[in-house]
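The lines below spell out each chain.
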Amino acid sequence: MTHRKIAFVVTMAAFFASSCSGLSAQHKTSPHAMSLDIFLKRLDEEKTSFGKFRFLAGPEVKGNSELKGWAAQLLATNYSFLGRPNDAIREFPIHDQTKAPLGLPDTAGFVAVPASDWIADQAGAYGVIMVNEAHHKPQTRLLTLSLLPRLRRLGFSYLAVEALGENPLKAGYPTADTGYYTSEPVFAELVREASRLGYTLVPYEADKNASDTSQQARETGQAKRLADVIAKDPNARIIVHAGYGHIQERAASQPADADPMALEFMRLTRLSVLTIDQTRLTWEDGLAAGRLAEEFAIKAPSVLVDRASGNAWTAFPGTFDASVVLPAVDASKVRPDWLDLGGIRRAVSVDLLPCLGHLPCLAEARPVDEGDDAIPSDQFLMLAPGETSTPLYLAPGKYRLRLLGNDGAPVASHDLDVAASNPDTDTDKR
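Predicted model only: the values in this text are computed from it and were never measured.

1. Some words on the pairing of strand β13 (residues 378-382)
Part 1 of the reasoning: Counting buried positions along β13 gives 5 out of 5 residues, so the element sits mostly inside the fold.
Part 2 of the reasoning: Residues D378, F380 and M382 of β13 are buried on one face, and the alternating residues Q379 and L381, pointing to the opposite face, are buried as well.
Part 3 of the reasoning: Relative to β13, strand β12 (residues 361-367) is paired through 5 bridges, and the arrangement is antiparallel. What sits directly across from C361, in β13, is M382.

2. Considerations on the sheet that holds strand β4 (residues 128-133)
Part 1 of the reasoning: Read across the sheet, 6 strands follow the order β6-β5-β7-β4-β8-β10 without closing on themselves; strand pairing throughout is parallel. Pairing within the sheet leaves two strands with one partner each, and these edge strands are β6 (200-203) and β10 (322-323).
Part 2 of the reasoning: Pairing of β4 with strand β7 (residues 238-243), which is carried by 6 bridges, proceeds in the parallel orientation. Paired with V128 across the strands is I238, a residue of β7.
Part 3 of the reasoning: Its contacts with the sheet place helix α11 (residues 261-269) against β4, β7 and β8 (273-277), and it is angled at close to 170° to β4.

3. So, the environment of S80
Part 1 of the reasoning: In this fold, S80 is placed in helix α5 (residues 68-81).
Part 2 of the reasoning: You can call S80 buried: its relative accessible area is 2%.
Part 3 of the reasoning: Linking S80 and P138, residues 58 residues apart in sequence, is a C-alpha distance of 6.8 Å.
Part 4 of the reasoning: Setting aside residues up to four positions removed in sequence, S80 forms contacts with A88, H135, H136, P138 and E184.

4. Considerations on the packing of aromatic side chains
Part 1 of the reasoning: One pass over the structure, following the stated rule, counts 6 aromatic pairs.
Part 2 of the reasoning: Look at F53 and Y79: their rings are 5.4 Å apart centre to centre, the planes differ by 65°, and that puts the pair in the edge-to-face class. Placement of F53 in helix α3 (residues 49-56) and of Y79 in helix α5 is noted, with a sequence separation of 26 residues between them. Across the pair, Y79 and F53 agree in class, each one buried.
Part 3 of the reasoning: Ring geometry for Y180 and Y181: centres 4.9 Å apart, planes at 80°, overall edge-to-face.
Part 4 of the reasoning: On the basis of relative accessibility, which here comes to 2%, the residue Y181 falls in the buried class.
Part 5 of the reasoning: Directly above the aromatic system of F316 lies the positively charged group of R280, at a separation of 4.3 Å from the ring centroid.

5. Digging into the layout of surface pockets
Part 1 of the reasoning: When its volume is computed, the second largest pocket comes out at roughly 900 Å³.
Part 2 of the reasoning: Mapped onto the lining of the second largest pocket, the elements with two or more residues apiece are α6 (85-91), β2 (95-96) and α12 (287-295).
Part 3 of the reasoning: When its residues are assigned to classes, the lining of the second largest pocket shows 21 nonpolar, 10 polar and 5 charged.

6. Focus: the pattern of salt bridges
Part 1 of the reasoning: Enumeration over the complete set of coordinates arrives at 24 salt bridges.
Part 2 of the reasoning: Here R291 and E284 are joined by a salt bridge, their closest N and O atoms 3.0 Å apart.
Part 3 of the reasoning: The salt bridge involving R400 is made with D372; its shortest N-O contact spans 2.9 Å. Of this pair, R400 sits in strand β15 (residues 397-404) while D372 is found in the loop between β12 and β13, placing the two residues 28 residues apart along the sequence.
Part 4 of the reasoning: On the basis of relative accessibility, which here comes to 23%, the residue R400 falls in the partly exposed class.
Part 5 of the reasoning: Since its relative accessible area comes to 53%, D372 is described here as exposed.
Part 6 of the reasoning: A cluster of three or more residues bridged by salt bridges with shared partners is formed by R84, D87, R90 and E387.

7. Considerations on the packing of helix α10 (residues 215-232) against α11
Part 1 of the reasoning: Across the interface, α10 lies against α11 with an axial gap of 8 Å and an inter-helix angle of 45°. Overall, the two elements α10 and α11 adopt an arrangement that is oblique. Two packed elements cross with a definite hand, and for α10 against α11 that hand is right-handed. Contacts between α10 and α11 involve Q216, E219, T220, Q222, A223, K224, L226, A227 and I230 on the former and, on the latter, M261, E264, F265, L268 and T269.

8. Some remarks on α3
Part 1 of the reasoning: Burial analysis of α3 places 7 of its 8 residues in the buried class, the great majority of the element.
Part 2 of the reasoning: Among the residues of α3, those classed as buried are S49, F50, G51, K52, F53, F55 and L56.

9. A short note on the side chain of T390
Part 1 of the reasoning: Within the secondary structure, T390 is located in the loop between β13 and β14 (392-394).
Part 2 of the reasoning: Classification of T390 as buried rests on a relative accessible area of 9%.
Part 3 of the reasoning: Polar side-chain contacts of T390 include one of 2.9 Å to the backbone oxygen of E387.
Part 4 of the reasoning: Among residues more than four places away in sequence, those in contact with T390 are V334, R335, V350, L352 and F380.

Scoring rules and cut-offs
Residues numbered from 1 in each chain as written. Predicted model: local features only at pLDDT ≥ 70, side-chain atom pairs only at ≥ 80, totals over all residues. Heavy atoms only, no water. Buried < 20%, exposed > 50% of the residue type's maximum accessible area, 1.4 Å probe, protein only. Helix = DSSP H or I, 4+ residues; strand = E, 2+ residues; numbered from the N terminus. Pairing = 2+ DSSP bridges. Contact = heavy atoms within 4.5 Å. Axes fitted to C-alpha atoms, helices over the stretch in contact; angles between N-to-C directions. Phe/Tyr/Trp six-rings, centres within 6.5 Å; stacked < 30°, edge-to-face > 60°. Lys NZ or Arg CZ within 6 Å of the ring centre and 35° of its normal. 1 Å grid on protein atoms, 1.4 Å probe; cavity = no way out; pocket = protein on both sides within 12 Å on 5 of 7 lines; lining within 4 Å. Points joined across faces, edges and corners; volume = space filled by probe spheres on them. Nonpolar A, V, L, I, M, F, W, Y, C, P; charged D, E, K, R; others polar. Salt bridge = Lys/Arg side-chain N within 4 Å of Asp/Glu carboxyl O. Parallel < 35°, antiparallel > 145°, perpendicular 65-115°, else oblique. Left-handed = near helix turned anticlockwise from the far one by under 90°. Polar contact = N/O pair within 3.5 Å; in protein donor to acceptor, adjacent residues only side chain to side chain.

Following this line, the structure appears as structure tokens:
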């Protein structure tokens, strides 16, 4: 990743903050501390997520209050990459303290419907479906993962992904060159599944070398690249998986009053787009969304459908077509249950005892038919001695398990067979 690319990633959370009210973040500068430019350069020199984590969590950065806000955003992202999504949410420095609006849906007037069902039912009227994510919350990738087979059967054949590399599967499997956020294992599995189903992966970032680096140039550049797909294949049906506000339909709703990518795309193509938000129910730092999840007994990403009109609820009419309520997460767990990806994977015990004395220690499992440069199917960053019983979440298959110590060097490696049926038959083969 280039220095400029890291700077872009850091600012994504700031873009999110600017689109919500009542948010707080800390960004300071001082001529006496490590400059942001040097910080980003040093971070860029670390070539793995584990290396970046060790730098970000180290005393040189942790003790620097001037870098606190920037470093926390990147540390949250790396926690998510390294299999600690609850820690990613806790570390994220931007919080929405605004009260939830009055008149939120209740069970008397609305019914919860799995979002994948509802979107599939709407798909016949749309050639383009846009779903957003919060970059530090891998849980917001589950919906798109569940949509891939259903929409493929309905004729969708392109998957456009934010921050995707220009030759994303050059190695035949996801690597660090595939993209930025695809370094997170759930996102990597999404890319693997899309490839298996025959989707064409579409990188659609604007030209990063262009002289105009404004927010509007990025939004318009993204829209033009997506419109190019339609120009080349007028019958193309596209899933767009984007971050935060890029899929908004309201003018001047992005930072610096930029018109968002989705609106620019609709202007260029004259196509209607179905926009699905998973990132904006953040009132009271997410507690309001948790109350909705509890009231409606949400078990999978869901939309709330009006019993009278049949319309899906959107918290932001004119901005998104539907708002998704995610299942509540037990924040006390080191690794939440949703990592089973709706039953695709299961918790598998692995031998983490060799990590003791080498903390922080990373356990990573890769398919045996992929190289050492592959993004792991799952990985877990062990931080404390009491975490030796923490599982990996893996689908049935054969894997190479490797443990990396606090200097990034291997401390153990095992073959791992995950059986298709009885979990008791899962074995570590040394």
